[in-house]
Amino acid sequence: MSTKLKNRPLDGVRVLDFTWSVAGPTMTRYLASLGAEIIKVEWPMHPDPMRSAMYLRDESDKTLNNGSFFANLNIGKRSLSLNARDPHGLDVIRELVAKCDVVAESFSPGVLEKWGMGFEAMQAINPGIVYVSISGFGHTGPHRNKGTWGPTAQAMGGTTFMSGMPGNQPAGWGWSYLDVSSGYFGAIGVLSALFDRKRTGKGVRLDLSQVEVGVSLLGPGMLEHAVTGRSFVGQQAVPGGNRSLDNGGATVGYRGDSAAPHGVYRTAGEGANAYCAISVLDDAQWQRLKEAMGQPAWAADAALDTVGGRVARQDELDAHLAQWAATQDKYALMQQLQAHGVAASAVQSPHDLVEHDPQLRARGLHVPLEHPRLGKQLFESVPFRMEKTELALEPHWPLLGQDTDYVLREVLGYSEAQIESLAAAHITWPEGLPVEPKVERSLW
Amino acid sequence: MVNPENFRPLQGVRVIEFGDGLGSYAGRLLADSGAEVIKVEPPQGAASRSAGPFVGGAADPEQSLQFWHANASKQSIALDLHDPQDVATARALVASADVVLDGLAPGALQALGLGQAALRAAHSKLIVCAITPFGQDGPWANYTSSDLVQLAAGGLLSVCGYDGGDGPDTPVAPTGGQAAHIAGMTAMMAILAALIEVQASGEGQFIDVSAQASIAVSLEMGVPFWAYQQREVIRHTARHAMPAESPRWQHRCADGKYFLALPLYIDDARFAALVEWFDAEGLAEDLTDPSYQLMSGRAHRMGHIIEVIGRFCAKHDAATMFRESQARRLPWAPVNSPDEILADPHFSEARHTFADVADPATGQQYRFAKLPYLIGHADTTTMPPRLDQHGARLRGELQQNQKVQHAQ
């Protein structure tokens, strides 16, 4: 490692990482941030598709090593290039299982079993092994061989349905929430298992399904159906938009609050994100909102002083608030409302997060680091701080096959002759493939 | 079940939870993982107990499903933290614990005489994790917040909504309390990491979780598109916000249900299977033309191909579309509501995605979604606590401890 960070909880933990795309690599990125050594295994003929997903603007020389999205997602990991479909390659994998604490994969169900590397087989090699898989539907059950990507898992598991404006189709999510959150739950599972193992000595099998992650994150709406039988069928979407309660006072937001007015209001300024979100969480905030607005006549009605009164007249209040907000800058409005103790925030775009947000800047969330192929770029840091544990991102990336030698020599103790014989048989690098394989077309 | 034996990784870990809202979901994760999580509530009960919907319909602090979701498997003690005696009880509880979960505003616990530095000075193994809207410091640290406000500040709202014409052009916030979910997941990672670190060092630490930062790093491509390409993404219905307009993926089926037909990764073999399927029903239109067979011939005509898919969906019900598309290895799925998820035997029977939790007081059973990493293992969820349900037992336990200490 290029730097030695202090007190990292997973120092000494090694992960054999067969995951690809976004969910699995999100999981192992967090494990890397917490100190684990991640050995990302790929065969360059079938590399992780995210290597060629997104490049720097105007990149003319696209390779498998300079994808910028990939670099952000896989920072801090090592790369082992190996043909696991070759019997000798599989021998290497088997030896690595003995030297690792965690095996992670996001293949279709049954791939490891086909390799003769099911959980029982791995336990026979290493009784303490933690085996985590992340797949669409899980490795059991009638849907197990069906495929999903983030947006399909979101459709299947209900999170798409539970987002939308009244009378319109479901709005869904603007990214693969379930890739990211499955990665988080995978990391939580692995951390739990590693904590448990210190006491029991036993490993565990974790079989995560992206769709089930969605079901679990549906939250109170799913629980309402399961417990009370309330049916959602026949509605095009939860008819709530950004509201907490509908005009009749029924819960539509499942946001843990009973706020009104509650919404997103267009502000002055250009673009799709000139909006401010405002939540009037209780009657005291309503009084303070009136102060902030300079006690307009339309808000003076005492019937509006209780949440019930405001909920019933949300449409009217929203129209007035929209008119008031329309002439103000979104950040100025946010500050003014916050100065009065009213919950409000500018709707921030990714551009705003990086360039305009003083809070994230103060927290140092986006860190400039020097990537060997991309130069100095911003990388997304860890969203929490630990007083004792250094969580700085380690500035190294899994350039394809870069750590093959390290893994064979240092982790497995192979001799020079063994390493050369694997190379000569093209088990550690495909015959004739250049060191920096070119990419014709990127995904985005 | 994959592993019929218990997996209760946090058994023996005690957590004291202060506050409601943002911190509660992290507490639920800890509790379902086997930790003993004691929620300290004000004498009138946690605020979220008053949020509907309610079991039985009528407002009842013991029947709030929003409270149930975030607080199942926990214990409850009612303490008035403005009363010195109750603060002493809280301090004694913390002395018996491994973790303090602080969901109050920055500095609030300190003002009550329960600041993390003092708690940890008295108890060196203690981990204190504070979950706040914006983190402990910085210009917005003391701003007040809500789920919607968090989603706006963290960038999530800006990427969620409709294509032009599909609905209003405003950002649309997903429901369900996702700010607490996202912050809860990142906090859980940090707490577990600290628990592992304590196993080695014997010393706890303070963890400062920002919900805003947690959301801001959870948006997948949004920030990379700006950081690496200086391009702003635009909202798209039910698929990735992208820097350019793109064809729809969500189509309406003959039965009125929506269906997500993901058009990425349709390789030549899958495309051939799709055309054969559509053609067998006379609905392939011009896709049978050989010029579509290779990816190179399709890439620039995806807009048209997706329109044909949309017209095909309109003539079939969603269940048929799901079965037949997946049989051709197309990763497509219906836009399900909670009803359809619970009715699907893959979840309700084969995977045991839901746990039936009995209320010991009434014998009633309630069905909770299990945490994803506990599926395949024995159920761990228990009923959410009634207000102060465990207060008497915990007070008795603390008195017993005191007596033992005096005797020593």
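These numbers were taken from a predicted model, which means no experiment stands behind them.

When helices and strands are counted, chain A shows 17 helices and 12 strands. C-alpha atoms of chain A, sized along the principal axes, occupy 85 × 50 × 45 Å. Scored against the burial criterion, the 444 residues of chain A give a buried share of 56%. Considering only residue pairs separated by 6 or more positions, chain A has 67% of its internal contacts joining residues 24 or more positions apart.

What chain B contains, in helices and strands, is 16 helices and 11 strands. Dimensions of chain B along its principal axes, counting C-alpha atoms only, are 90 × 50 × 45 Å. Within chain B, the proportion of its 408 residues that are buried is 55%. Counting only contacts in chain B whose residues sit at least 6 apart along the sequence, the fraction spanning at least 24 positions is 65%.

Moving on: the sheet that holds strand β7 (residues 262–266) of chain A. All names here are of chain A. Read from one edge of the open sheet, three strands run β7-β8-β9, paired in antiparallel fashion. Of all the strands in the sheet, just β7 and β9 (343–346) have a single pairing partner and so form its edges. Across the sheet, the mean angle separating the axes of adjacent strands is 20 degrees when strand polarity is ignored. Contacts between helix α12 (residues 314–325) and the sheet are confined to β7 and β8 (275–279), with β7 contributing the most and set at about 40 degrees to the helix. Its contacts with the sheet place helix α13 (residues 330–339) against β8 and β9, and it is angled at close to 165 degrees to β9.

Further remarks concern the environment of P437(A). Residues and elements named next belong to chain A. Tracing the backbone through its elements, the reader meets P437 in the segment after α17 (416–424). As a C-alpha pair, P437 and G12 span 425 residues in sequence and 32 Å in three-dimensional space. Residue contacts for P437: discarding those within four places in its chain leaves P44, T63 and L64.

In this section: the sheet that holds strand β4 (residues 102–105) of chain A. All names here are of chain A. What the six strands build is an open sheet, ordered β3-β2-β1-β4-β5-β6; its pairing is parallel. Every other strand in the sheet has two partners, leaving β3 (78–81) and β6 (205–209) as the edge strands with one partner each. Put simply, the sheet's adjacent strands are angled 20 degrees from each other on average, direction ignored. Relative to strand β5 (residues 130–135), β4 runs parallel, the two being bridged by four bridges. Across the sheet, residue A104 finds its bridge partner in β5, namely V132.

Our next topic: the pairing of strand β11 (residues 375–380) of chain A. Here strand β10 (residues 366–371) of chain A runs beside β11(A); their pairing, made up of six bridges, is antiparallel. Looking across to β11(A), one finds that E370(A) is bridged to K376(A).

So, about the interface of chain B and chain A. At the junction of the two partners, chain B supplies 135 residues and chain A supplies 132 residues. Looking at which element gives the most residues to the side of chain B that touches chain A, the answer is helix α7 (residues 178–201) of chain B, with 16 residues. Looking at the side of chain B that touches chain A, its residues break down into 80 nonpolar, 43 polar and 12 charged. Where strand β12 (residues 384–386) of chain A meets strand β6 (residues 206–210) of chain B, three bridges bridge the pair, whose relative direction is antiparallel. Counterpart to M386(A) in the pairing with β6(B) is I207(B).

The domains assigned to chain B are domain 1 (14–220 + 344–407) and domain 2 (245–334). Distance from the C-alpha centre of domain 1 of chain B to the C-alpha centre of domain 2 of chain B: 43 Å.

So, on to the packing of helix α7 (residues 177–200) of chain A against helix α8 (residues 210–218) of chain A. Residue and element names in this part refer to chain A. Contact geometry for α7 and α8: axes closest at 9 Å, N-to-C directions at 90 degrees. Of the possible angle classes, the one that applies to α7 and α8 is roughly perpendicular. Mapping the contact onto sequence places L178, S181, S182 and F185 in α7 and Q210, V213, G214 and L217 in α8.

Let us look at unusual backbone geometry. Between A260(A) and P261(A) the backbone carries a cis peptide bond, its omega angle lying at -10 degrees. The topology assignment puts P261(A) in the loop between α9 (220–228) and β7. In this structure, P53(B) follows G52(B) across a cis peptide bond, with omega equal to 0 degrees. By secondary structure assignment, the location of P53(B) is in the loop between β2 (36–41) and α2 (65–71). Of note in this structure, A238(B) is not a glycine but carries a positive phi near 55 degrees. On the secondary structure map, A238(B) appears in the loop between α9 (222–229) and β7 (250–252). One non-glycine residue, E285(B), lies in the positive phi region at around 50 degrees.

Let us look at α7(B). All names here are of chain B. In a regular helix each residue adds 1.5 Å, so 24 residues correspond to 34 Å; α7 covers 34 Å between its end C-alpha atoms and thus fits that length. Judged by how many residues are buried, α7 sits mostly within the fold: 21 of 24 residues are covered. In the stretch just after α7, G202 is the one whose phi turns positive, near 75 degrees.

The α-helix winds at 3.6 residues per turn, so residues separated by three or four positions along the chain end up facing the same way. All names here are of chain A. Within the sequence span of α13, burial applies to K330, L333, M334 and L337. Each buried residue of α13 sits inside an arc of 100 degrees when the element is viewed along its axis, so together they form one side. Where α13 is buried, its residues touch β8, α10 (283–292), α12 and β9. Trailing α13 by a residue or two, G341 shows a phi angle of about 75 degrees, which is positive.

What counts, and at which threshold
Residues numbered from 1 in each chain as written. Chains lettered and ligands numbered in written order. Predicted model: local features only at pLDDT ≥ 70, side-chain atom pairs only at ≥ 80, totals over all residues. Helix = DSSP H or I, 4+ residues; strand = E, 2+ residues; numbered from the N terminus. Buried ≥ 20, exposed ≤ 12 C-beta atoms within 10 Å, placed from the backbone. Contact = placed C-beta atoms within 7 Å. Pairing = 2+ DSSP bridges. Axes fitted to C-alpha atoms, helices over the stretch in contact; angles between N-to-C directions. Nonpolar A, V, L, I, M, F, W, Y, C, P; charged D, E, K, R; others polar. Domains from an automatic or database assignment. Parallel < 35°, antiparallel > 145°, perpendicular 65-115°, else oblique. Expected span 1.5 Å × (residues − 1). Arc of directions from axis to C-beta.

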